[in-house]
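Summary of structural features
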Amino acid sequence: MKKSTRISLLIASAIVVTLAVSCVCFLNIALYNDTTFDEDYQYARLCEKYPHITQWVDSIRPLMRDTIITDASGNRLFARYASASNTSNKTAIIIHGYKSNSIAMMHIGYMFHHDFGYNILLPDLHSHGKSDGRYIQMGWRDKDDVRRWIDVAINIFGNNTDIVITGISMGGATTMMTSGEKLPSNVKCFVEDCGYTSVWDEFQNELAASYHLPAFPLLYLTSALNKVVNGWSFGEASSLYQVRNCRLPMMFIHGENDTYVPTSMVYTLYYEKTEPKELYISPGSVHAMSYHDNPQEYSRRVGKFVTQYCR
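Residues numbered from 1 in each chain as written. Predicted model: local features only at pLDDT ≥ 70, side-chain atom pairs only at ≥ 80, totals over all residues. Heavy atoms only, no water.

**Focus on the layout of surface pockets**
Computed from the structure, the largest pocket encloses a volume of approximately 730 Å³. Taken together, 32 residues make up the lining of the largest pocket; nearest its centre are Arg45, Tyr98, Lys99, Ser100 and Ala104. By residue number, the principal contributor to the lining of the largest pocket is helix 2 (residues 39-49), which donates five residues. Counted by class, the lining of the largest pocket contains 12 nonpolar, 16 polar and four charged residues. (1 Å grid on protein atoms, 1.4 Å probe; cavity = no way out; pocket = protein on both sides within 12 Å on 5 of 7 lines; lining within 4 Å. Points joined across faces, edges and corners; volume = space filled by probe spheres on them. Helix = DSSP H or I, 4+ residues; strand = E, 2+ residues; numbered from the N terminus. Nonpolar A, V, L, I, M, F, W, Y, C, P; charged D, E, K, R; others polar.)

**As for a nonpolar patch on the surface**
A cluster of nonpolar residues, Ile29, Tyr211 and Leu213, forms a patch on the protein surface that exposes about 290 Å² of accessible area. Tracing the backbone shows Tyr211 in helix 7 (residues 199-211). Residue Tyr211 is classed as partly exposed on the basis of its relative accessible area, which comes to 45%. (Patch = residues over 30% accessible without salt bridge, like charges linked within 9 Å, V, L, I, M, F, W, Y side chains within 5 Å. Areas by Shrake-Rupley, 256 points an atom, 1.4 Å probe, with all protein chains shown as cover. Salt bridge = Lys/Arg side-chain N within 4 Å of Asp/Glu carboxyl O. Buried < 20%, exposed > 50% of the residue type's maximum accessible area, 1.4 Å probe, protein only.)

**A word on the nonpolar core**
Counting 54 residues, the largest nonpolar core has Leu31, Met138, Ile165, Tyr196, Val199, Phe203 and Phe234 as the members making the most contacts within it. Top contributing element to this core by residue count: helix 5 (residues 142-157), with seven residues. In this structure, Ile108, Val191, Tyr291 and Cys310 belong to the second largest nonpolar core, which totals 37 residues. (Core = buried A, V, L, I, M, F, W, Y, C linked by side-chain atoms within 4.5 Å.)

**Some points on the pattern of salt bridges**
With the rule as written, the count across this model stands at eight salt bridges. One salt bridge connects Arg147 with Asp151, and the closest N-O pair in it is separated by 2.8 Å. Linking Arg147 with Asp151, this pair stays in helix 5, spanning four residues, or about one helical turn. For Arg147, a relative accessible area of 28% gives the class partly exposed. Across the salt bridge formed by Lys227 and Glu236, the nearest N and O atoms sit 2.9 Å from each other. A relative accessible area of 41% places Lys227 in the partly exposed class. The network of salt bridges with shared partners includes Glu39, Asp40, Arg61 and Arg80.

**Points about the sheet that holds strand 2 (residues 76-82)**
Here eight strands make up an open sheet; going across it, the order is 1-2-4-3-5-6-7-8 and the pairing mixed. The strands lining the two open edges of the sheet, one partner per strand, are strand 1 (65-70) and strand 8 (277-282). Strand-to-strand twist in this sheet, taken as the mean axis angle between neighbours without regard to direction, amounts to 20 degrees. As paired elements, strand 5 (residues 162-168) and strand 6 (residues 187-193) share six bridges and run parallel to each other. From the neighbouring strand, Ile165 faces strand 6, where its bridge partner is Phe190. In the packing of helix 4 (residues 106-115) onto the sheet, contacts are made with strand 2, strand 3 (90-95), strand 4 (119-123) and strand 5, and the angle to strand 5 comes to roughly 150 degrees. (Pairing = 2+ DSSP bridges. Axes fitted to C-alpha atoms, helices over the stretch in contact; angles between N-to-C directions. Contact = heavy atoms within 4.5 Å.)

**Points about the environment of Ala209**
When you line up the elements, Ala209 lands in helix 7. Overall, the relative accessible area of 47% leaves Ala209 in the partly exposed class. Spatially, the C-alpha atom of Ala209 lies 34 Å from that of His52, the residues being 157 residues apart in sequence.

**Here's the deal with the side chain of Ser131**
Among the structural elements, Ser131 can be located in the loop between strand 4 and helix 5. Looking at Ser131, the relative accessible area reads 8%, which means it is buried. A distance of 2.8 Å separates a polar side-chain atom of Ser131 from the backbone nitrogen of Phe78. Here the side chain of Ser131 touches Asp124 through a polar contact of 2.6 Å, landing on its backbone oxygen. Every residue in contact with Ser131, bar those within four places of it in the chain, is listed here: Arg76, Leu77, Phe78, Asp124 and Leu125. (Polar contact = N/O pair within 3.5 Å; in protein donor to acceptor, adjacent residues only side chain to side chain.)

**A few points about the pairing of strand 3**
In terms of burial, strand 3 is largely enclosed, as five of its six residues are buried. Where strand 3 and strand 5 come together, six bridges link them in parallel fashion. Pairing of Ile95 across the sheet is with Gly167, part of strand 5. Pairing between strand 3 and strand 4: three bridges, direction parallel. Looking at strand 4, one finds that Ile93 is bridged to Leu121. A crossover links strand 3 with its parallel partner strand 4, the connecting element being helix 4, and its sense is right-handed. (Right-handed = clockwise from strand over helix to strand, strands pointing away.)

Honestly, it's all geometry; don't read function into it.
Quick look at the structure:
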């Protein structure tokens with residue numbers, strides 16, 4: 001073998017190894033959840049961020065109940081729930097974001113339970129909070145779990161309960177991904193806050209913003225690897241596709257200055273959704289801060305929207 005050929009093979013081998021290692025690293029950075037969960041710390045952090053709900057949190061925390069389902073892979077998935085203060089036939093399923101947990105969504109629980117008088121159910125998604133699982137599913141596999149949480153909510157709160165599904169960030173994407181599925185008639189509407197158009201679009205944005213890298217070849221190869229590891233590709237995990245198939249009402253919320261999930265994504269999603277629909281852009285808000293920055297206006301708009309469909 002010629003020296004030049006050997007050198008070319010060595011260079012090619014080095015490139016292949018580098019790409020393979022990079023794909024594994026990117027997959028683990030993006031989808032492996034290494035965060036720890038401490039319930040007391042999460043509640044303290046919640047009340048520090050949203051001090052106006054502290055009294056409600058102190059009163060509702062002893063009343064929260066736990067429930068568990070098991071997914072097809074044998075993972076135990078956890079949720080916490082509470083009945084409305086007065087008997088209600090309205091229920092909110094509230095879905096958290098990326099590397100977060102159900103407690104971090106209790107400010108939205110406050111809005112629905114305290115302000116609107118709803119029953120609430122807050123799951124910990126796969127690989128989050130108290131739920132099992134190695135890899136984050138970015139909403140795509142989670143939508144199947146949410147479908148089962150709908151059945152749990154009906155079981156707990158009654159066959160006649162009207163359900164709104166809502167979520168923030170990855171929870172917003174999960175909400176939209178769920179919306180395109182065949183669901184029980186109890187589900188009446190959706191409220192998504194700063195969800196992405198697709199996993200591909202979100203990771204492509206992050207590669208460019210955080211690492212100054214193009215999509216090719218890393219995102220293509222990592223998506224293929226994820227198809228092997230988790231059973232889905234980044235491209236097929238599309239909120240946009242699911243929203244196109246949704247026939248129920250949906251409210252879209254996004255921060256005006258969101259760069260993590262760019263605000264432009266919500267306009268794409270909104271324009272593809274058939275009526276009935278509503279859009280609220282929170283002035284000046286960055287990612288997942290719309291309620292924090294404008295709690296009264298946020299609650300007013302969401303309350304007005306869901307009241308039309310959950311009766």
